[in-house]
Amino acid sequence: MSYQLKRRRISQFAQVLFLNFVRKTKEKEKGDEVKVIGGVKSRYCIRVQWALKLKGVEYEYIIEDLKNKSPILVKSNPVYKKVPVLLHNGKAISESLVILEYIDEVWKENPLLPQDPEERASARFWAKFCDENVISEVWEAFGAQGEQKKKAIESAQESLTLLERQVEGKKFFGGEKLGYLDLVVAWIPYWLSAIEEIGEMKLLEAEKFPSIHKWTRNFMDIALINQCLPAREKVLKYFHGCLRSYVA
Ligand SMILES: N[C@@H](CCC(=O)N[C@@H](CS)C(=O)NCC(=O)O)C(=O)O
């Protein structure tokens, strides 16, 4: 390659870098527009709120009436029509776990997922396990009666034992610092106790799950976390309603 051609290529490359820099600076100056379409007591929505707060991102919270879904929800999440939906500069992102990863990729400060690929994979694995297995088993125990309830409690406790092992000897699921998996598992301390109360059962016994109990205290001690929780009466009322529709 001739000397002149090399110089031209380098100068083109420098121009691209410069234009990218100008574009990014302009975007930053304009500021991000961040909105969350969510519910008042949803365990999926609160993860997204916590993640944005941990990143220091300002956002507007749009409360959705799930009995009469708004056109903006239907348009933003046409496949599931569920909350939460994150609207970032007009782009719509759905599914809470996907949203958490998106937030972590866009706003780099206070990383949520671990840096090490194996640890990242493990955090994603347990997040999926928690959302798919633990939630549905707890739900089954909640609605069941008699012998069936006993069996469902045992099976939910088996899954909770696997989660217990993930936090043994640690302050948070991610280690010393609060992270992605903590936000995913976080429905346990608050919502599970309401589910236990309304469903008249005990799943998370202190003697059987000392590490989850210790983690709960560490987690709930964080001001940013506990200031964002929905009122307990609202959560209890919601599960009362769920139980009524189960029995009906
Ligand atoms: N897998 C979804 C679950 C979201 C979800 O179930 N949202 C509930 C509120 S907690 C909802 O929008 N329900 C309305 C409906 O099912 O029509 C996520 O992680 O975002």
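Residues numbered from 1 in each chain as written. Predicted model: local features only at pLDDT ≥ 70, side-chain atom pairs only at ≥ 80, totals over all residues.

Some details on the overall build of the chain
As a reminder, the rule being used: By the criteria applied, helices consist of DSSP H or I runs no shorter than four residues and strands consist of E runs no shorter than two, each listed in order from the N terminus. Whether a residue is buried, exposed or partly exposed is read from the other C-beta atoms within 10 Å of its own C-beta, which are placed from the backbone; 20 or more gives buried, 12 or fewer gives exposed, and intermediate counts give partly exposed. Placing C-beta atoms from the backbone, we regard two residues as in contact once those atoms come within 7 Å.
The secondary structure content of the chain amounts to eleven helices and four strands. Dimensions of the chain along its principal axes, counting C-alpha atoms only, are 85 × 45 × 35 Å. Counting every position in the chain, which comprises 248 residues, the buried fraction comes to 28%. Sequence separation of at least 24 residues holds for 65% of the intrachain contacts in the chain that already meet a minimum separation of 6.

Describing the sheet that holds strand β4 (residues 91-94)
Convention followed: Here, strands pair whenever DSSP counts at least two bridges between them. Between N-to-C directions, angles cover 0 to 180 degrees, with each direction set by a line fitted to C-alpha atoms, over the stretch in contact for helices.
With mixed pairing, the four strands of this open sheet are ordered in space as β2-β1-β3-β4. Both outer strands of the open sheet, β2 (60-63) and β4, are each paired with one neighbouring strand and no more. This sheet shows a mean twist of 20 degrees between the axes of neighbouring strands, independent of strand direction. Here strand β3 (residues 85-88) runs beside β4; their pairing, made up of four bridges, is antiparallel. Residue pairing in the sheet places Leu87 in a bridge with Ala92 of β4. Of the strands in this sheet, β1 (34-38), β2 and β3 touch helix α2 (residues 43-55), which is tilted by about 160 degrees from β1. Here helix α4 (residues 96-106) sits on the sheet in contact with β3 and β4, set at roughly 130 degrees to β4.

Here we look at the UniProt feature "domain: GST C-terminal" (unreviewed entry) in the chain
Operational definition: UniProt positions are given in the numbering used here, feature names are shortened, and annotations may be inferred rather than shown by experiment.
Feature annotation in UniProt assigns "domain: GST C-terminal" (unreviewed entry) to the following positions: residues 116-238. In the segment residues 116-238, helix accounts for 73% and strand for 0%; the C-alpha atoms at its two ends are 39 Å apart.

Brief notes about the UniProt feature "domain: GST N-terminal" (unreviewed entry) in the chain
According to UniProt, the "domain: GST N-terminal" (unreviewed entry) feature falls on residues 32-111. The span residues 32-111 is 38% helix and 21% strand, and its two end C-alpha atoms sit 19 Å from each other.

Quick word on the domain arrangement of the chain
A common way to state how big an interface is: give the accessible area lost once the parts meet. Filter applied, for reference: An automatic or database domain assignment is the source of the domain bounds shown. Nonpolar residues are Ala, Val, Leu, Ile, Met, Phe, Trp, Tyr, Cys and Pro. Charged residues are Asp, Glu, Lys and Arg, and all others, Gly as well, are polar.
We note that the domain assignment places domain 1 (30-106) and domain 2 (117-247) within the chain. The C-alpha-based centres of domain 1 and domain 2 are spaced at 22 Å. Taken residue by residue, the interface counts 13 residues in domain 1 and 15 residues in domain 2. Of all elements in the fold, only α2 and α4 reach the threshold of two or more residues within the side of domain 1 that touches domain 2. Among the elements that make up the side of domain 1 that touches domain 2, the one with the highest residue count is α2 (eight residues). By residue class, the composition of the side of domain 1 that touches domain 2 is seven nonpolar, one polar and five charged.

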